[in-house]
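# Breakdown of the fold
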Amino acid sequence: MTDRHHRRTRGTLAALAATALLGTATAAATPASGTPALPNPPSPRPTASHPPVTAVCSAAYRITKKLDGGATWNMCWRYSTDAGLILDHVTYQPPGGAPVRVLSSARLAQIHVPYDDGGAEYDDLTGAGFGWGLQDLKAAECPGGTLTTVKVPEVGQVKGLCTTTRARGHAYRMAADSGTGVHQAQAKDLLVYTVNKVGWYEYISEWRFSADGTVGANVGATGSLSPVDYNATDGRGWPIGKGARGYATSHAHNVFWKLDFGLDGGRDRIEQYDSTVTPPTGDGSPTVTTRRTAVTKELAGDAKNMRWWRVVSGTGKNADGHARSYEIVPGHTDTHAGRGFTKHDVYFTQARGCEQYASNNIGNCAPNAGDSVDKWVNGETLTKPTVWVNIGFHHIARDEDQQPMPVHWQGFQLAPRDVTAMNPLTPADLASQNGQPSLEP
């Protein structure tokens, strides 16, 4: 196998493999302030129903941000020489409400890169030095935010963690039924990201936290096409440069994330929803029926039209008495059929300390356990589920990919479903409209 995609050899990685996790040198971020687009109601005082957020990490490892509108995100961070940035104890506090534990831990679990001609295949996290490739960021790369220094073993101090805010447009808009009044607000998100260089590629690993409780996970690939990899043929590559020559070899980026929820600090359950459309008969309209299936055993799940999954809290309910949950919302994906672990879009497995990476796992599982996530789906009952999300991108190069390559993104969202009884950003004069709105003028 030739080392076309990456310049760091596996031998070098073996010499570095003795190191695992790290520390930092500076405190949490304080993103730039601006004119608030949403009102900021006062936070509730700690009471039995509104307990304070427990500090589970020191200030140097903590990220806390109160966004426009009054919602607050709290989390701890650490850094791994394999997985890169890891976020722990992620908590969302809606305006005027109590903190809600969303994620116990969240991180990348693999970036698997197979080439279309079968000549090379890489596991960028555990086989190509992802964690050691953390990049020094300039202030211009973290606009309005804070750069935090990360101590990377065998590399040194790297100013590589950006915490900032970024406008995302409308948080909501609703015109009044009469008159010219409009309820609308603009919002900002909290962004936490790093850039890691692996061979010719640079990966932007971004976590986005919104005031309404939404979490976004994205990886953007940029950098350069491998200059030693222009020997493909038509059907396995694309001509870059003058004429029909210099075919850049096509390849895939199969990105995996590992999520451990622990909603409300308790045990979670998984549910799958499928909707079936029945064509109309006569002059009628089509009907749609939605069916809920409890996922009680380990599952390799395939996304399909009108199918979705949610992670449901085993203990927490909102003010309406509905169980809190988060819906998994995958972005566009090119599912890669070449390996067992890339054939499926989500995996739900029983949490195991050794099951850390979706492929080329280095978590020291038993020899017969297999080293990829598909091998861990064996029908075990889910009492403490781990969620794995796989989003693929089939990269067929184009002239515009040079030079440098524009960022191409792949990722997913975690959308709050019944985490709060209403839109947590509801303006005060609409706060009484919980449930069916009044039809009276």
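Residues numbered from 1 in each chain as written. Predicted model: local features only at pLDDT ≥ 70, side-chain atom pairs only at ≥ 80, totals over all residues. Heavy atoms only, no water.

### Topic: the overall build of the chain
If you tally the helices and strands in the chain, you get two helices and 22 strands. Counting every position in the chain, which comprises 441 residues, the buried fraction comes to 47%. Of the contacts made within the chain by residues no fewer than 6 positions apart, 64% connect residues no fewer than 24 positions apart. Only carbon and sulfur atoms are counted for the fraction: they give 51% of the accessible area of the chain, which is about 20,300 Å². (Helix = DSSP H or I, 4+ residues; strand = E, 2+ residues; numbered from the N terminus. Buried < 20%, exposed > 50% of the residue type's maximum accessible area, 1.4 Å probe, protein only. Contact = heavy atoms within 4.5 Å. Areas by Shrake-Rupley, 256 points an atom, 1.4 Å probe, with all protein chains shown as cover.)

### So, the environment of Asn 364
Position of Asn 364 relative to the elements: it lies in the loop between strand 20 (346-350) and strand 21 (385-395). You can call Asn 364 exposed: its relative accessible area is 74%.

### Regarding the state of the cysteines
Under the definition given, this model contains three disulfides. Two residues share a disulfide in this structure: Cys 142 and Cys 162, whose sulfurs sit 2.0 Å from each other. Because the torsion about its S-S bond is 85°, the bridge between Cys 142 and Cys 162 counts as right-handed. Of this pair, Cys 142 sits in the loop between helix 2 (124-127) and strand 7 (146-152) while Cys 162 sits in strand 8 (residues 156-175), and the two are 20 residues apart along the sequence. The class of Cys 142 is buried, set by a relative accessible area of 4%. In this structure Cys 162 comes out as buried when scored by relative accessible area, which is 0%. (Disulfide = S-S within 2.5 Å.)

### Some details on unusual backbone geometry
Here the residue pair Gln 402 and Gln 403 is connected by a cis peptide bond, since its omega of -15° sits within 30 degrees of zero. Residue position: Gln 403 is located in the loop between strand 21 and strand 22 (405-417). For Met 306, which is not a glycine, the phi torsion comes out positive at approximately 60°. Looking at the secondary structure, you find Met 306 in the loop between strand 17 (299-301) and strand 18 (307-317).

### Considering the nonpolar core
Judged by nonpolar contacts, the single largest core of 72 residues is most densely connected at Trp 73, Trp 207, Phe 209 and Leu 259. At six residues, strand 5 (residues 100-114) tops the list of elements feeding residues into this core. Trp 207 has contacts with Leu 85, Leu 87, Ala 106, Arg 107, Leu 190, Leu 191, Val 192, Val 215, Gly 216, Ala 217, Trp 257 and Leu 259, leaving out every residue within four places of it along the chain. (Core = buried A, V, L, I, M, F, W, Y, C linked by side-chain atoms within 4.5 Å.)

### Considering the side chain of Glu 206
Looking at where Glu 206 falls in the secondary structure, it is placed in strand 10 (residues 201-209). Contact partners of Glu 206, with chain neighbours within four places excluded, come to Arg 166, Leu 191, Val 192, Tyr 193, Gly 216, Ala 217, Asn 218 and Trp 409.

### Here's the deal with the pairing of strand 19 (residues 323-330)
In terms of residue burial, strand 19 counts as a mostly covered element, since six of its eight residues are buried. The pairing of strand 18 with strand 19 spans five bridges and is classified as antiparallel. Paired with Arg 310 across the bridge in strand 19 is Glu 327. Where strand 19 meets strand 22, six bridges bridge the pair, whose relative direction is antiparallel. Considered in strand 22, the bridge of Pro 330 is made with Phe 412. (Pairing = 2+ DSSP bridges.)

### Regarding the confidence of the model for the chain
The share of residues in the chain with pLDDT of 70 or more is 87%, and the mean pLDDT across the chain is 88. Across residues 1-53, where pLDDT falls below 50, the model places 143 contacts with residues more than four positions away in sequence or in other chains. (pLDDT = per-residue confidence, 0-100.)

### Overview of the pairing of strand 18
As defined by bridge partners, strand 15 (residues 268-278) adjoins strand 18 across seven bridges and the pair is classed as antiparallel. For Asp 268, the partnering residue across the bridge sits in strand 18 and is Ser 313. The turn linking strand 18 back onto strand 19 is made up of five residues, and Gly 321 within it adopts a positive phi angle of 85°.

### Looking at the packing of aromatic side chains
Enumeration according to the criterion identifies 10 aromatic pairs in this entry. When the centroid spacing of 6.3 Å and the interplanar angle of 40° are considered together, the rings of Phe 130 and Tyr 203 count as tilted. Highlighted residues: Phe 130 in the loop between helix 2 and strand 7 and Tyr 203 in strand 10, separated in sequence by 73 residues. In terms of burial, Phe 130 and Tyr 203 fall into one category: buried. The interplanar angle of 75° and the centroid separation of 5.0 Å between the aromatic rings of Trp 257 and Phe 412 together place this pair among those described as edge-to-face. Remark: Phe 412 occurs in strand 22 and Trp 257 occurs in strand 14 (residues 251-260); sequence separation between them is 155 residues. (Phe/Tyr/Trp six-rings, centres within 6.5 Å; stacked < 30°, edge-to-face > 60°.)

### Remarks on the pattern of salt bridges
Pairing is possible between side chains that carry opposite charge, provided their charged atoms lie close to one another. Under the counting rule described, the total for this entry stands at 17 salt bridges. A salt bridge links Glu 380 to Arg 352; its shortest N-O distance comes to 2.2 Å. Taken together, the positions of Glu 380 in the loop between strand 20 and strand 21 and Arg 352 in the loop between strand 20 and strand 21 put the pair 28 residues apart, joining distant regions of the chain. Glu 380 sits in the partly exposed class, given a relative accessible area of 29%. Among the residues examined, Arg 352 registers a relative accessible area of 36% and is labelled partly exposed. For Asp 401, the salt bridge is made with Arg 398, and the minimal N-O distance between the two is 3.3 Å. Among the residues examined, Arg 398 registers a relative accessible area of 40% and is labelled partly exposed. Taken together, the salt bridges that share partners define one network made up of Arg 168, Asp 189, Glu 206, Arg 208 and Asp 212. (Salt bridge = Lys/Arg side-chain N within 4 Å of Asp/Glu carboxyl O.)

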